[in-house]
Amino acid sequence: MNDSSWGAPPQAGYWGPSDQGPVQGAAPAGPTYDAPEAQQTRPMPIVPDEPAYGGHQDDDRGAARLSGPLFRDETQQPPYDPRTQPSDTPQAQPYGAVPQNPEPMPDVPPPAPAPQKKSAGRDLGAAIGVGVGLAVVIIASLFVVKAAFVGVIAVAVVVGLWELTSRLQERKGIKAPLVPLAVGGAAMVVAGYVRGPEGAWVAMALTALAVLVWRMTEPPEGYLKDVTAGVFAAFYVPFLATFVALMLTADDGAWRVLTFLLLTVVSDTGAYAIGWRFGTHKLAPRISPGKTREGLFGAVSFAMVAGALCMQFLIDDGSWWQGLILGLAVAASATLGDLGESMIKRDLGIKDMGTLLPGHGGIMDRLDSLLPTAPVVWLLLVLFVGSG
């Protein structure tokens, strides 16, 4: 074979002008021979098709860099490494490279949100209209025929029981028997008005017994929770409402009931007005986030002033200082009653007990502060001016 090699001796006439090896493209050399004195040649560097550093093929800057710096004072800069060099240190970048860490834009603060107007959370127009309508019915029945007002109490009790038992069944699956509760609750109010406290207690006991027996007509599963809820409902709604009927039995019973209603409404109004305008510190955020300490101060202040006026001018043999104590007690019991029903509604996962009263919710949403306040007012009036 006639193979040629870069290490073969040159033929005559094939050496270049200097001793730099054979010229590419020359004729094949003769047979290889061993000569100790023969010089070995170096291969020519292969020039890549594409110049380094991203330059154009005809750009002599890339070609010049293949063999080192073009001038003596030109130094090779290592590529920028963000792990070892800070971003603010100027470094030489390869030709055509895009900066890796551009200068950050200055932070522009977001526009301030527009101030939001406080909302009452309910339809105030509807709430005021319903409140005025209820006041007319109460006052008309209270001062015309006392027995008619007892009927108003009984109707409110039955509707409240219906709302409470309906929500218990819908949200918790608790089936408190409504029929014995409604019948026993109405009887409890009438018994309290006719027979006094003893009649109310007897009616309460008979209602609880009726709940236990009525629930026996259904399967035993859930019996304990159903009858427990039934007895609780009988105490919470009709039994506490019976104290309003007890107040009515006195000679000035209509004025006592009116004082009780006025102080409770004034307490709620003071809490709402002061809390909505100045409230910043939460009273019980886990129970009722809308109630504030400032609102409680408003309730106490309004109720004490109203109590002093009512005891001085509406209640026989009453005194203004007794009204201060009465107003303080009403503010406390009304607030606790409101918080108690808020606990029930939070446990059930609802906002209102019903939708019967536009702007108010249900009957139970209006009775929440009245029910626990009734025995407090009845007791204090008996202590201050007697039961007659």
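Residues numbered from 1 in each chain as written. Predicted model: local features only at pLDDT ≥ 70, side-chain atom pairs only at ≥ 80, totals over all residues. Heavy atoms only, no water.

Engineer: For this particular structure, what's the right way to read helix H5 (residues 223-248)?
Structural biologist: Note that an α-helix has 3.6 residues per turn; residues three or four places apart therefore point the same way. For H5, spanning 26 residues, the distance from its first C-alpha to its last is 37 Å, which sits close to the expected 38 Å at 1.5 Å a residue. Of all the bends in H5, the greatest, near 30°, is centred on Phe235, and the proline Pro238 appears no more than four residues after it. Of all 26 residues making up H5, 19 are buried, and the element is well covered by its neighbours. (Helix = DSSP H or I, 4+ residues; strand = E, 2+ residues; numbered from the N terminus. Expected span 1.5 Å × (residues − 1). Bend = angle between axes of the 7 residues up to and from the residue. Buried < 20%, exposed > 50% of the residue type's maximum accessible area, 1.4 Å probe, protein only.)

Engineer: Sorry if this is basic, but what is going on with the packing of helix H4 (residues 178-214) against H5 here?
Structural biologist: What describes two packed helices is the angle between their axes and the distance between those same axes. Contact geometry for H4 and H5: axes closest at 9 Å, N-to-C directions at 170°. When the axis of H4 is compared with that of H5, the two are roughly antiparallel. Broken down by class, the residue content of the contact of H4 with H5 amounts to 22 nonpolar, six polar and no charged. (Axes fitted to C-alpha atoms, helices over the stretch in contact; angles between N-to-C directions. Parallel < 35°, antiparallel > 145°, perpendicular 65-115°, else oblique. Nonpolar A, V, L, I, M, F, W, Y, C, P; charged D, E, K, R; others polar.)

Engineer: Even after reading the chapter, I still don't get a nonpolar patch on the surface, so can you show me in this structure?
Structural biologist: Together, Val202, Leu206, Leu209, Leu212 and Val213 line one region of the surface with nonpolar side chains, adding up to about 440 Å² of accessible area. Summarising the element assignment, Leu206 is placed in helix H4. On the basis of relative accessibility, which here comes to 54%, the residue Leu206 falls in the exposed class. (Patch = residues over 30% accessible without salt bridge, like charges linked within 9 Å, V, L, I, M, F, W, Y side chains within 5 Å. Areas by Shrake-Rupley, 256 points an atom, 1.4 Å probe, with all protein chains shown as cover. Salt bridge = Lys/Arg side-chain N within 4 Å of Asp/Glu carboxyl O.)

Engineer: Is there a simple way to explain the pattern of salt bridges in this structure?
Structural biologist: Side-chain pairs of opposite charge can arise whenever the charged atoms involved come near each other. A complete count under the given rule lists seven salt bridges for this structure. One salt bridge connects Lys291 with Asp338, and the closest N-O pair in it is separated by 3.2 Å. Taken as a pair, Lys291 in strand E2 (residues 288-292) and Asp338 in helix H8 (residues 320-348) lie far apart in primary sequence, 47 residues in all. Judged on exposure class, the residue Lys291 and its partner Asp338 are both buried. A salt bridge links Lys345 to Glu341, with the shortest nitrogen-to-oxygen separation between them at 3.8 Å. Here Lys345 pairs with Glu341, and both are found in helix H8, just four residues apart, close to one helical turn. A single salt-bridge network, built from bridges that share partners, covers Glu341, Lys345 and Asp365.

Engineer: It is not clear to me how the confidence of the model for the protein chain should be interpreted in this structure. Could you clarify?
Structural biologist: One rule of thumb: low pLDDT means the predicted coordinates there are not for detailed reading. Chain-level statistics for the protein chain give a pLDDT mean of 80 and a share of 68% at 70 or above. A low-confidence stretch, residues 1-39 stays under pLDDT 50, and its non-local contacts, those more than four residues away or across chains, total 17 contacts. Note that residues 50-75 has pLDDT below 50 and, in this model, 17 contacts with residues that lie over four places away or in other chains. (pLDDT = per-residue confidence, 0-100. Contact = heavy atoms within 4.5 Å.)

Engineer: Is there a simple way to explain the side chain of Thr259 in this structure?
Structural biologist: Checked against the element boundaries, Thr259 lands in helix H6 (residues 253-278). Side-chain polar atoms of Thr259 contact the backbone oxygen of Trp255, separated by 2.8 Å. Each residue touching Thr259, except ones within four places of it in the same chain, is listed here: Cys310, Leu314, Ile315 and Leu326. (Polar contact = N/O pair within 3.5 Å; in protein donor to acceptor, adjacent residues only side chain to side chain.)

Engineer: Hey, could you run me through the pairing of E2 in this one?
Structural biologist: Here strand E1 (residues 282-284) runs beside E2; their pairing, made up of two bridges, is antiparallel. Note that in E2 the partner of Lys282 across the bridge is Thr292. Adjacent in sequence and paired antiparallel, E1 and E2 are bridged by three residues. (Pairing = 2+ DSSP bridges.)

Engineer: How should the nonpolar core be read in this particular structure?
Structural biologist: As a rule of thumb, nonpolar side chains are buried together in soluble globular proteins. Ranked by size, the top nonpolar core spans 58 residues in total, and within it Val244, Met247, Val257, Phe260 and Leu326 carry the most contacts. Counting residues per element, this core draws most heavily on H5, at 15 residues. Those residues within four positions of Met247 in sequence are excluded, and the remaining contacts are Gly253, Arg256, Val257, Phe260, Ala374, Val377, Trp378 and Leu381. (Core = buried A, V, L, I, M, F, W, Y, C linked by side-chain atoms within 4.5 Å.)

Engineer: What exactly am I supposed to notice about unusual backbone geometry here?
Structural biologist: Of all residues except glycine, most have a negative phi; of all peptide bonds, most are trans. Positive phi values are uncommon outside glycine, yet Asp317 reaches one of about 65°. Tracing the backbone through its elements, the reader meets Asp317 in the loop between helix H7 (293-313) and H8.

Engineer: Please clarify how the side chain of Asp368 should be interpreted in this entry.
Structural biologist: Summarising the element assignment, Asp368 is placed in the loop between helix H9 (363-367) and helix H10 (370-385). No salt bridge is formed by the buried Asp368; the nearest opposite charge belongs to Arg366, separated by 5.2 Å. (Lys, Arg positive; Asp, Glu negative; His and termini not counted.)

Engineer: Help me understand the environment of Ala154, please; the structure alone is not making it clear to me.
Structural biologist: Relative to the assigned elements, Ala154 resides in helix H3 (residues 146-172). Along the chain, Ala154 and Val190 lie 36 residues apart, while their C-alpha atoms are 7.8 Å from each other. Not counting residues within four places of it along the chain, the set of residues in contact with Ala154 comprises Ala186 and Val189.

Engineer: Honestly, the packing of aromatic side chains in this entry has me stumped. Any pointers?
Structural biologist: Aromatic ring pairs are described here by two measures, namely the spacing of the ring centres and the angle between the planes. Under the counting rule described, the total for this entry stands at seven aromatic pairs. Relative to Phe239, the ring of Phe235 lies with its centre 5.4 Å away and its plane at 25°, an arrangement referred to as stacked. With Phe235 and Phe239 both in helix H5, this residue pair falls four residues apart, about one helical turn. Phe235 sits in the partly exposed class, given a relative accessible area of 39%. By relative accessible area, which is 4% here, Phe239 ends up buried. Connected via pairs of aromatic rings, a cluster forms that spans Trp201, Phe235, Phe239, Phe243 and Trp378. Positioned over the ring face of Phe278 is Arg277, at 5.1 Å from the centre of the ring. (Phe/Tyr/Trp six-rings, centres within 6.5 Å; stacked < 30°, edge-to-face > 60°. Lys NZ or Arg CZ within 6 Å of the ring centre and 35° of its normal.)

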